[in-house]
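For reference, the chains in residue letters:
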Amino acid sequence: MKIIGWIVLQGLVWAQVGSPPHEKYLSAVAAARRRDTVQAIQLLREVLTAQPSHLRAAVYLGRLYLDKRQYSALRAIGWSLVQQGPSAAVAQGWGVFFLGSAYTAAQQEDSLDMLWRRFVLPYRRDSLYILRSVSKAAEKGKISAAALQGIASSGLLVSDTGLLPVPVPFFPSNLGPNVNTPYSEYFPSLTADSRRLYFTTTRPKPGRALPSGEQSDEDIYWCEGEARAVTWGPPTALPINTDKHEGASFFSSDGQTVIFGMCHLPEGYGDCDMYVSRLHGTVWSKPVNLGPVINTKYWDTQPCLSADGKRLYFASDRPGGMGGADIWYSDWKDGQWQPPVNLGPPINTREDEYNPFIAADGKTLYFGSTGHPGYGGRDMFFSVLTSLGWSEPKNLGYPFNTEKDEKSLFVDTRGEYAYVALERPEGKGREDIYVFRLWPEIKPVGLATYVRGQVIDAKSRAPLGATIKVVDIESRDTVRSLTSNQATGEFILSLPLGRRYACFAESPGYLFYSGHFDLSHTDTVYNLLIPLQKVEKGASLTLRNVFFDFDKATLRPESEVELREVARLLRENPRWRVEVQGHTDSIGTASYNQTLSQRRAEAVRTYLIEQGIAAERITARGYGFTRPVATNRTGEGRALNRRTEIVFVE
């Protein structure tokens, strides 16, 4: 449950900051974050013994009891809160929720009726007690245990801030028994094509049984399946798992890199640190601590990489933030992560912000918070990056957000579906992972698609590890840079829509591949097979990003993106001479096309010479329409025939 009058709670608690009980409270929160619930409960009890009015400690303790299903202790906390009286509306609201949850679990309908009559019914006209599950019978004064059960289990108490429980079209589907178990599954992360799912789980390790309900240490697993499927293949444990907690994890969009949290390791810097491991062929590298620039002696975890891999978002309670845990980010520059920057308001508050997720558009941020107006426990919100900064966060709505803790949201590349960890009555156990379709109001503001491909040797057809680079043709910025898998040659990347891109794949000893993605008006999904030719006599390179104006031989500025790559290739292979070949379609006379193709080939040669390539290494020749590679009867075929090629001649 969350009471929307949270500002009142902030005022009660923050006056206590700096006192010894509050310091112990912060230690309890740190213990809970590292999954040491026993220690957290003990510390919170000590806080309340020393300072019974510490409302935040009481609420946190109640939430831990609820999570652990310790209903007898939960009732005691509930009664201590409701007995503070109507003047302490926030405390009483939490008390009603805790008592209602405990009585509902025990199926004590008489106690539920008593709770309704004594603590809810007298204030039903007050805006503080607008309850989302009040049935028509209850509205008419016909009190029933069933009505109260719905209200108490929801725990939704809203104030006059205007956040009313207007339902959103949230229809989640459980991902099934290969993903979900009687234990907890959370922190979903998917590749850009949504065909591989990674997640954290507390299930027992293979061959090791646990008593019923007992949680194992956290491990990372993965499954394969179809995008948005509710049936996934058998799960596989990641080989980097240990007997420690491999907690919050996030995988790069190509699935080749994972950043994850681990706590209290001897070589660590603090409570919880972030580590990185990379997939080399079929082998995951030994995890490496991200180092003191990123990690501190405090709690640093819950990572999220932007789609281009250039920005790392994470949660931390280090000094210099807005309050409790905040969202921070670090940029990858000059081969290393830069000092983290606090995301600031309006994202961060005096309470806790956690589990950031940045959509593939790089502009839409989803995150959890206890400091923004919500419906219960920890709620999820989203904000959009504009020219003026981050927009005011918006709650994802009810019934996505409830009185429980909603967390670890992941939105797919195309911004159509999302994956979330939820604890629901119909689930397989504790927290399960669900998939649901995003409704328009919470979709990413910018759309994206993905490119999936495989790089192979053109002759042997063997997979190749290759560097993949995607460049925005207009800005000439490199927007994606990654490596295809050494064992399979496969790669996956996402691209925002509304732009044109040049794509290059290269491997030592081979000619580079040139591709072109025009996403200015389409949202095409690309599936590529990229055969690379070795640098040898007769090998040819088709330039797909060299552009001329109609009926002209003047290179357009965006052609420089690819021609610079050609110049670099020639510098790396100085013993080779090449022929620049110009080709046209069959529109027009043979003489006209021969002349045009010759002029265009010479324009490319001139550019390469200006880039420092010796003139004697380059010849230019136009072939008109004499060497078509496709039919000239269609527009698509003619577009393929209009091309420039580089042929290695000796």
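Check the entry above for the structure.
Residues numbered from 1 in each chain as written. Predicted model: local features only at pLDDT ≥ 70, side-chain atom pairs only at ≥ 80, totals over all residues. Heavy atoms only, no water.

Let us now look at the packing of helix H10 (residues 560-572) against helix H11 (residues 590-610). Viewed as axis vectors pointing N to C, H10 and H11 meet at an angle of 60°, and their least axial separation amounts to 10 Å. Looking at the two axes, H10 sits oblique to H11. In this structure, H10 crosses over H11, and the sense of that crossing is right-handed. Residues Glu560, Leu563, Arg564, Val566, Ala567 and Leu570 of H10 form the contact with H11, whose participating residues are Val604, Tyr607 and Leu608. Of the residues contributing to the contact of H10 with H11, the split by class is seven nonpolar, no polar and two charged. (Axes fitted to C-alpha atoms, helices over the stretch in contact; angles between N-to-C directions. Helix = DSSP H or I, 4+ residues; strand = E, 2+ residues; numbered from the N terminus. Parallel < 35°, antiparallel > 145°, perpendicular 65-115°, else oblique. Left-handed = near helix turned anticlockwise from the far one by under 90°. Contact = heavy atoms within 4.5 Å. Nonpolar A, V, L, I, M, F, W, Y, C, P; charged D, E, K, R; others polar.)

In total, this model carries 22 aromatic pairs according to the counting rule given. Taking 6.3 Å as the distance between ring centres and 20° as the angle between the ring planes, the aromatic pair formed by Phe199 and Tyr221 counts as stacked. Here Phe199, found in strand S3 (residues 196-201), pairs with Tyr221, found in strand S4 (residues 219-224); they are 22 residues apart in sequence, far enough to count as distant. For Phe199, a relative accessible area of 0% corresponds to the buried category. (Phe/Tyr/Trp six-rings, centres within 6.5 Å; stacked < 30°, edge-to-face > 60°. Buried < 20%, exposed > 50% of the residue type's maximum accessible area, 1.4 Å probe, protein only.)

Now for the nonpolar core. Looking at soluble globular proteins, one finds that nonpolar side chains tend to be buried together. Residues Phe400, Leu409 and Phe436 are the most contacted members of the largest nonpolar core, which totals 54 residues. Not counting the four nearest positions on each side in its chain, Phe400 is found in contact with Val168, Phe170, Met380, Glu406, Leu409, Val420, Phe436 and Trp439. With 31 residues, the next largest nonpolar core counts Val471, Ala539, Ala567 and Leu569 among its residues. (Core = buried A, V, L, I, M, F, W, Y, C linked by side-chain atoms within 4.5 Å.)

So, on to the sheet that holds strand S26 (residues 478-483). Here we have four strands laid out as an open sheet, ordered S26-S25-S28-S29, and antiparallel in their pairing. The open sheet has two edge strands with one neighbour each: S26 and strand S29 (513-518). Taking each pair of neighbouring strands and ignoring which way they run, the sheet shows an average axis angle of 15°. Bridge count between strand S28 (residues 500-506) and S29: six bridges; the pairing is antiparallel. Of the residues in S29, the one forming a bridge with Tyr501 is Phe517. Across the face of the sheet, H10 comes into contact with strand S25 (467-472), S28 and S29 while running at roughly 15° to S28. (Pairing = 2+ DSSP bridges.)

In this structure, Asn395 sits in strand S20 (residues 394-395). What makes Asn395 buried here is its relative accessible area of 16%. Asn395 sits 26 residues away from Ser369 along the chain, and the two C-alpha atoms are 9.7 Å apart. At 3.2 Å, the side chain of Asn395 and the backbone oxygen of Pro373 are in polar contact. Separated by 3.2 Å, the side chains of Asn395 and Asp379 make a polar contact. (Polar contact = N/O pair within 3.5 Å; in protein donor to acceptor, adjacent residues only side chain to side chain.)

Right, let's talk about the side chain of Asp219 for a bit. Relative to the elements of secondary structure, Asp219 occurs in strand S4. On the basis of relative accessible area, Asp219 is assigned to the buried category, the value being 2%. Beyond its immediate chain neighbours, meaning those up to four positions away, Asp219 contacts Phe199, Thr200, Thr201, Lys205, Asn241, Thr242, Lys244 and Glu246.

Attention now moves to the packing of helix H2 (residues 20-33) against helix H3 (residues 37-50). Between H2 and H3, the shortest axis-to-axis distance is 8 Å and the interhelical angle comes to 165°. Here H2 lies roughly antiparallel to H3, going by the angle between them. Crossing angle aside, the handedness with which H2 passes H3 is left-handed. Between H2 and H3, the residues in contact are Pro21, Lys24, Tyr25, Ser27, Ala28, Ala31 and Ala32 and Gln39, Ala40, Leu43, Leu44, Glu46, Val47 and Ala50, respectively.

With that settled, consider the pattern of salt bridges. All told, the structure shown has 25 salt bridges when counted by the stated rule. What you see here is one network of salt bridges that share partners, running through Lys469, Glu506, Glu565, Arg568 and Glu572. (Salt bridge = Lys/Arg side-chain N within 4 Å of Asp/Glu carboxyl O.)

Attention now moves to the sheet that holds strand S2 (residues 185-190). Strand order in this open sheet of four strands is S2-S3-S4-S5, and the pairing throughout is antiparallel. In the strand order of this sheet, the two ends are held by S2 and strand S5 (236-237), each with one partner. Looking at chain direction, S4 and S5 are connected through two bridges and run antiparallel. Each bridged residue has a counterpart across the sheet, and for Tyr221 the counterpart in S5 is Ala237.

All right, on to H2 then. It helps to recall that an α-helix has 3.6 residues per turn; residues three or four apart then point in one direction. The terminal C-alpha atoms of H2 lie 20 Å apart, and with 14 residues this matches the ideal 20 Å at 1.5 Å per residue to within 8%. Here H2 has its buried residues at Pro21, His22, Tyr25, Ala28, Val29, Ala30, Ala31, Ala32 and Arg33. Residue Arg35 follows H2 closely and has a positive phi angle near 70°. (Expected span 1.5 Å × (residues − 1).)

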